[in-house]
Amino acid sequence: MPAGPHQLDGHRIAARLGAALPGVVTRATQEWVEVAPERVQDALRWLRDSEEFDAAQLSNLTAVDRHTHFEVVYHLQSLDLNQQVVVKAIVADHEAPSLPSAYPVYKGALLQEREVYDLMGIRFADHPDMRRLFLWEGFPGHPLRKDFLGIGHGQTSGLQRFPNEDLANRDRMMNAGNLTSQDMPREAGGSMASGGH
Amino acid sequence: MTTVNEPYVLNIGPQHPSTHGVFRLRVVMDGEVIRDLDMIVGYLHRSMEKLAEERTYTQNIPFTDRADYLAAMSNNLGVCLAVERLAGVEVPERASYLRVIFAELQRIASHAMANGTLVSDAGAWQTPLLYMFREREKILDLFEMTCGARLTTNYMRIGGVAFDPPPEFWPALQELLDEMPARIDEYASLVVDSEIFLARTRNVGVISAADAINGSLVGPALRGSGVPWDLRKAEPYCVYDRMNFEVPVGRHGDVYDRFMVRLEETRQSVEIIKQAVAQIPDGPHKTDIPLALRPPPGEVYGRVEGPRGELGFYVVSDGTPAPYRFHIRAPSLINLSLLREMAVGVSLPDAVVALGSLDIVVGDIDR
Amino acid sequence: MSSAADRRPATPMARQILEHHSLLSRARALPGEARFVLAVLTLGALVAGAGIGFLVVTGQLDGRWYDLRDLGNATAHFRGWTQRQGIHSAVPYLVTGLLGGIAILSLVGGWLVIGVWAERRLIAKFQIRQGPNRVGPFGLLQPLADAVKLLQKEVLIPIGADKLLFFLPPILIFIPAMLGWGPVPWAPKMSYADLNVGVVYTIAISSLGVLAVFLAGWSSNNHYALLGAMRTVAMMVSYEIPISISLLAIVLFTGSLQLSDIVAWQAQHNVWMIVLLPFGAFTFLFASTAEINRTPNDIGEAESEIVAGFHTEYSGMKAGLFLAVELGNALLVGAMMSTFFFGGYSLFGLERWIPGYLIMGAKTFLVYFGFVWLRATLPRFRLDQLMAFAWKFLIPLSIIQLLFVAVESMVVVQSGLPGIVTIGGSIIANAALTFVGVRAWANAIGYSPKEMASPPIMTNGVGGLRAAEQIRAAS
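Values in this document were obtained by computation on a predicted structure and should not be read as measured data.

Considering the overall build of chain A
Then, in step 1: Along its length, chain A carries four helices and seven strands.
Then, in step 2: Along chain A, helices (α) and strands (β) appear in the sequence α-β-β-α-β-β-β-β-α-β-α when read from the amino end.
Then, in step 3: Burial statistics for chain A: of 197 residues in total, 54% are counted as buried.
Then, in step 4: For chain A, the share of sequence-separated contacts (at least 6 apart) that also reach a separation of at least 24 residues comes to 45%.
Then, in step 5: About 8,600 Å² of surface is accessible on chain A, with carbon and sulfur atoms providing 52% of the total.

Some words on the pairing of strand S1 (residues 25-28) of chain A
Regular strands show a simple pattern: their side chains alternate between the two faces of the sheet.
Residues and elements named next belong to chain A.
Then, in step 1: Note: S1 against strand S2 (residues 33-35), three bridges, orientation antiparallel. If you follow alanine 28 over to S2, its bridge partner there is valine 33.
Then, in step 2: A loop of four residues connects S1 with S2, the two strands running antiparallel in sequence.

What about the pairing of strand S2 (residues 24-30) of chain B?
Residues and elements named next belong to chain B.
Then, in step 1: Sheet topology places strand S1 (residues 8-12) next to S2; five bridges connect them, and they run antiparallel. Note on S2: the bridge partner recorded for tyrosine 8 is methionine 29.
Then, in step 2: Both S2 and strand S3 (residues 33-40) contribute to a ladder of seven bridges, which runs antiparallel. Bridge pairing in S3 links valine 28 to aspartate 36.
Then, in step 3: Where S2 hands over to S3, the hairpin turn is made up of two residues, of which glycine 31 adopts a positive phi near 70°.

Observations concerning the environment of C:Leu397
All names here are of chain C.
Then, in step 1: Locating leucine 397 in the fold gives a position in helix H19 (residues 383-414).
Then, in step 2: For the pair leucine 397 and glycine 343, spaced 54 residues apart in sequence, the C-alpha to C-alpha distance is 24 Å.
Then, in step 3: Not counting the four nearest positions on each side in its chain, leucine 397 is found in contact with Phe279, Gly437, Val438 and Trp441.

As for the confidence of the model for chain A
Residues and elements named next belong to chain A.
Then, in step 1: The predicted model of chain A has a mean per-residue pLDDT of 75, with 74% of residues at 70 or higher.
Then, in step 2: Overall, residues 153-159 carries pLDDT values under 50, and its contacts beyond four positions in sequence, including any with other chains, amount to 13 contacts.
Then, in step 3: Confidence drops under pLDDT 50 across residues 171-197; counting only partners more than four residues distant or on other chains, this segment forms 47 contacts.

Some points on the interface of chain A and chain C
Then, in step 1: With five residues of chain A in contact, the opposing surface of chain C contributes six residues.
Then, in step 2: Interface area for chain A against chain C, summed over the two sides, is near 380 Å², with a carbon-plus-sulfur share of 41%.
Then, in step 3: Considering only the side of chain A, the residues that lose the most area to chain C are A:Leu79, A:Asp80 and A:Asn82, jointly responsible for 82% of the buried surface there.
Then, in step 4: Put simply, chain A and chain C have two salt bridges between them.
Then, in step 5: With a shortest N-O distance of 3.5 Å, C:Arg466 and A:Asp80 are connected by a salt bridge.
Then, in step 6: Our enumeration of links across chain A and chain C arrives at two residue pairs in polar contact (both at pLDDT 80 or more).
Then, in step 7: Across the side of chain A that touches chain C, the residue classes break down as two nonpolar, one polar and two charged.

Description of the interface of chain C and chain B
Then, in step 1: On the chain B side, the residues contacting the 52 residues of chain C number 72 residues.
Then, in step 2: Together chain C and chain B conceal approximately 5,400 Å² of surface at their shared face, both sides included; 59% is due to carbon and sulfur atoms.
Then, in step 3: Inspection of the chain C/chain B interface yields two salt bridges.
Then, in step 4: If you look at where chain C meets chain B, you find 14 residue pairs in polar contact (both at pLDDT 80 or more).
Then, in step 5: Listed by contribution, the elements that provide at least two residues to the side of chain C that touches chain B are helix H5 (90-126), helix H12 (223-254), helix H16 (303-306), helix H18 (356-377), H19, helix H21 (449-452), strand S3 (457-459) and helix H22 (465-474) of chain C.
Then, in step 6: If you tally residues by element for the side of chain C that touches chain B, the top one is H22(C), at five residues.
Then, in step 7: By residue class, the composition of the side of chain C that touches chain B is 29 nonpolar, 14 polar and nine charged.
Then, in step 8: Here three bridges tie strand S6 (residues 247-249) of chain B to S3(C), and the two strands are oriented antiparallel to one another.

Re the sheet that holds strand S5 (residues 83-91) of chain A
As a general point, the strands of a sheet are linked pairwise by backbone hydrogen bonds and lie either parallel or antiparallel.
All names here are of chain A.
Then, in step 1: Sheet architecture is open: five strands sit in the order S1-S2-S5-S4-S3, paired in mixed fashion. Edge strands, defined here as strands with exactly one partner in the open sheet, are S1 and strand S3 (57-65). This sheet shows a mean twist of 25° between the axes of neighbouring strands, independent of strand direction.
Then, in step 2: Two strands pair when backbone bridges link them, and S2 and S5 are joined in this way by three bridges, in the parallel orientation. Across the sheet, the residue bridging to valine 33 is valine 87, located in S5.

Details of the environment of C:Gly300
All names here are of chain C.
Then, in step 1: Tracing the sequence through the fold places glycine 300 in the loop between helix H15 (278-291) and H16.
Then, in step 2: Among the residues examined, glycine 300 registers a relative accessible area of 0% and is labelled buried.
Then, in step 3: Remark: the alpha-carbon pair of glycine 300 and valine 412, spanning 112 residues in sequence, is separated by 42 Å.
Then, in step 4: If near-sequence neighbours (up to four positions away) are discounted, glycine 300 is found in contact with Gly228, Arg231, Thr232, Asn293, Ile306, Gly309 and Phe310.

Some details on a nonpolar patch on the surface
All names here are of chain C.
Then, in step 1: A surface patch of nonpolar side chains, about 540 Å² in accessible area, is lined by Val113, Ile114, Val135, Phe138, Leu140, Leu141 and Leu144.
Then, in step 2: Secondary-structure assignment places leucine 140 in the loop between H5 and helix H6 (142-152).
Then, in step 3: Judged by relative accessible area, leucine 140 falls into the partly exposed class, the value being 33%.

Quick notes on the side chain of A:Asn82
Then, in step 1: Examined against the element boundaries, A:Asn82 turns out to sit in the loop between strand S4 (70-78) and S5.
Then, in step 2: Reaching out from A:Asn82, the side chain makes a polar contact with the backbone oxygen of B:Ala234 at a distance of 2.8 Å.
Then, in step 3: If we skip the residues at most four places from it in the chain, A:Asn82 touches A:His6, B:Trp229, B:Ala234 and C:Val462.

Criteria and thresholds
- Residues numbered from 1 in each chain as written.
- Chains lettered and ligands numbered in written order.
- Predicted model: local features only at pLDDT ≥ 70, side-chain atom pairs only at ≥ 80, totals over all residues.
- Heavy atoms only, no water.
- Helix = DSSP H or I, 4+ residues; strand = E, 2+ residues; numbered from the N terminus.
- Buried < 20%, exposed > 50% of the residue type's maximum accessible area, 1.4 Å probe, protein only.
- Contact = heavy atoms within 4.5 Å.
- Areas by Shrake-Rupley, 256 points an atom, 1.4 Å probe, with all protein chains shown as cover.
- Pairing = 2+ DSSP bridges.
- pLDDT = per-residue confidence, 0-100.
- Buried area = accessible area lost by both parts, 1.4 Å probe.
- Salt bridge = Lys/Arg side-chain N within 4 Å of Asp/Glu carboxyl O.
- Polar contact = N/O pair within 3.5 Å; in protein donor to acceptor, adjacent residues only side chain to side chain.
- Nonpolar A, V, L, I, M, F, W, Y, C, P; charged D, E, K, R; others polar.
- Axes fitted to C-alpha atoms, helices over the stretch in contact; angles between N-to-C directions.
- Patch = residues over 30% accessible without salt bridge, like charges linked within 9 Å, V, L, I, M, F, W, Y side chains within 5 Å.

Here it is in structure tokens:
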């Protein structure tokens, strides 16, 4: 698992957090701990104030659209203990998602939550300034959602196939310089030829 | 007779000399004193995170150049490290050293710009900025020599770096390293002891250590407040664990401390590059990776210490050649979390230098 | 590996800089005939100079109308001639007044053309750049190109602006800038209006410009412009006082309000006022930078804060007029500074041979160069710091110095001791006051810059709040 070098085991956090605040942990894996969405603030506050985890800083806050639900990811870190804690909260309502704000716990959530609201459409309750950050008020939709621009669920908005990928010959490597100009389709050739020639 | 001061709204930006780009502040002022502040960003929003979901991992590297256009190398490095950890790609040792060298060169160039514009914000008519540009120019020449681009370098690759530097790179680098400490001293003598600069920056925009940590400040802004937090020490990536350097931290957490921290970091970067040049081994500078890299499903939060602080890349893979979610943790944006606290209640010139000391890059804020 | 020396210049610009030829190398490259002609011309100039020098030394030139060391001679002769011819006495006044006016206008106008180029080139040299070097030889025609560009530009008037009041300031601000040149003495008899209240006139005129500035800021209907105008007014009001007090000290010494008398006093005693009154000179210089809006006191148009201050909304040639007046005022303040503190047209007896206006011009330009140097080096003060500096520091110390000077001037005039004793004693006393008094007063109001400049602490560890507290406790 590609966890960070100082990232704590999710099970361990779940055990402590669950003992301190019963019912707050809904799931735990090696990498992260998932908390009940309505109690995010409690969990974060406990993690921040606990001696053991001392998650003093909200390093990163973002959200992932999983088609049916949203995952809000909190990367917390303790500077003194040099360790990282990853907390996730699942927002089940995909139509009108909402979550308690982390701002009362971490001031650093101010702009990050506004960004998530702008691009994902997740409303953070009791955030002091819940406005869009980048886009103007009245912009239709939230662009980072997977169904933005009417692309339906179950269908990725990503590229369906990559013209340069040779599925029959998977061991063809891109940095080895073995791509020739004949191999590449004219339209997309330039952008893929990133190896050193 | 009593007079009543009526507050008025001053619109600073999006085109304003001290907003460093298209950044807008809507300020409610009472005379010269700021009573309320609202920042309006997004004029440079290019929706990189959405675009990234449509492209392969390698194709996403050039986007990061355009995010923080003053620290393209650091951004390249961040995304490459994150994806390499996600996909389990090993990097040749020479590539790691080259990455350190270029990331530190980029740090010097970026800090030169940051400090120069800060002193310009304090009113020095461009001279310190241009003094620092002299060194930045040479660094950009080195970049151009190596990868053909000066600003948007697109140099790092997943699994290494794009090119080995040409032979004439090394003597030019050595020349720069030899003259750099004297140049930094010269620059410092122009500004550091200037009593006007001290009067303008000491005890201005003070952030306490506790506030800085709670407000998610990173980089020189955090270290200026006295917190010795540097990812190159805390979570050494590439070959930083083999480098011997020190982390400067400020005493008061004001604008002057942030300035001095950047200046000292420039000196430390020179030391790091010297060590890296001495230690760099021969060998390949990149490793082979599949044309369309398909990392296993999972997620990674890779981060590096960019010039502006912790630069994170949260990448979620679903096993396809394109990332499922690609989030850039932009230090410039998140450092602005405490701008309101810093600016409300002080006069307009103080707010301008406080904003300048945070070293925002609008491309990084808006992405 | 190729050496660093034969590195290819990265850009065409860099290549041009590398191939740039100096004036000397160009002269060396001239063909033989041209060099011969040049040599003959140089020799001729030397011979002519020697002849003029002979005339001057033997005193055959003194007081003649063609004595170009003092253009006042010609007017005096003209006046005498008209008197002898029985022409009405108004005629010579009109003619000389017109000629003098044209002279001042062309001086300022010519300066505006040269000055833009000079300032930009000088600043560029300070900033390790080239400066304008494309239009004409050495870029000398750049100001003309700028002026043509500005004339072509549309002059915008904001919708909310007061049309008339918005129209007037660029014109109004020119008047004091021109009037200020009136009493400046260029040579013993060469001054446009050698008023016997010259000092009072100077102070009065220099405070007129602020009205136009405030008019511009107010009528623009722009917050930046208003802020700039308010700042400028506040600054002018504050800095008029130290300027007046420092000039008062000079008046006490010289016993005259006439500018030519002040210069003559300095020439007669062979001492410059900057030596006699170092603190007064500093006060005048510093306050002047505030009055003419130059760094470190250019808060009225601090571009990093309030864009362009009071002339934010002006465009085209109107903005150009504001900038031109600023440049002209810089030279005017240089002339004032050299008159009051650098001995004016006198140069320890050398003014007998060198025309006084050349000495005066050189001094003026040197002071102007000082302003450019300041502009290229120093950051800007904040408004409240500037006010505090005027009211808490300059004004009290100026008053203390005025008390000193009152006693000293009495001693100089009445004691009957030789000048070397009285003036020398005054110099020592004033210098001591400046160095001791400034430090003592700075300490008294709690200013200690050395404590403020503390380098960052270097650490090797990693940590958060607790580590920060430990580091702070340890240092």
